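# Report on the structure
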Amino acid sequence: HKDYIFAGHVSSYMEFLEEEDKSMFDKCFSQYIKHGVKGDSLEDMWTATHAAIRASPLRKAKEKKTYNYVVKGRKQRLSR
């Protein structure tokens, strides 16, 4: 169970793909490569993440986005 919580299965898959199919590894884990995350450092990353969440479980406030629901050229509904 701990293996799945701390991404051990992802780590083993990363190692497998890196050995077997380098192009598929680059495609699947491009963001991990971009941020310098290796397969053996995943557990440390998730341990630090869980510790940070336990230290401060509150979410940071985001500013509210306003959306334009009226599409240019489209008539608005007359009812409802």
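Located above this text is the structure these notes cover.
Cut-off values and rules
- Residues numbered from 1 in each chain as written.
- Predicted model: local features only at pLDDT ≥ 70, side-chain atom pairs only at ≥ 80, totals over all residues.
- Heavy atoms only, no water.
- Salt bridge = Lys/Arg side-chain N within 4 Å of Asp/Glu carboxyl O.
- Helix = DSSP H or I, 4+ residues; strand = E, 2+ residues; numbered from the N terminus.
- Buried < 20%, exposed > 50% of the residue type's maximum accessible area, 1.4 Å probe, protein only.
- Core = buried A, V, L, I, M, F, W, Y, C linked by side-chain atoms within 4.5 Å.
- Contact = heavy atoms within 4.5 Å.

## Topic: the pattern of salt bridges
Counting across every chain of the model gives two salt bridges. A salt bridge links Lys22 to Asp26, with the shortest nitrogen-to-oxygen separation between them at 3.9 Å. Placement of the pair is Lys22 and Asp26 together in helix α3 (residues 22-28), with a separation of four residues, close to one helical turn. Looking at Lys22, the relative accessible area reads 44%, which means it is partly exposed.

## Section: the nonpolar core
Residues Ala7, Met14, Leu17, Phe25, Phe29, Val37 and Leu42 constitute the largest nonpolar core, which totals seven residues. When near neighbours in sequence (up to four residues on either side) are disregarded, Phe29 contacts Val10, Tyr13, Met14 and Leu17.

## Details of the environment of Met24
Relative to the helices and strands, Met24 is located in helix α3. Taking relative accessible area as the criterion, Met24 reaches 33% and is therefore assigned partly exposed.

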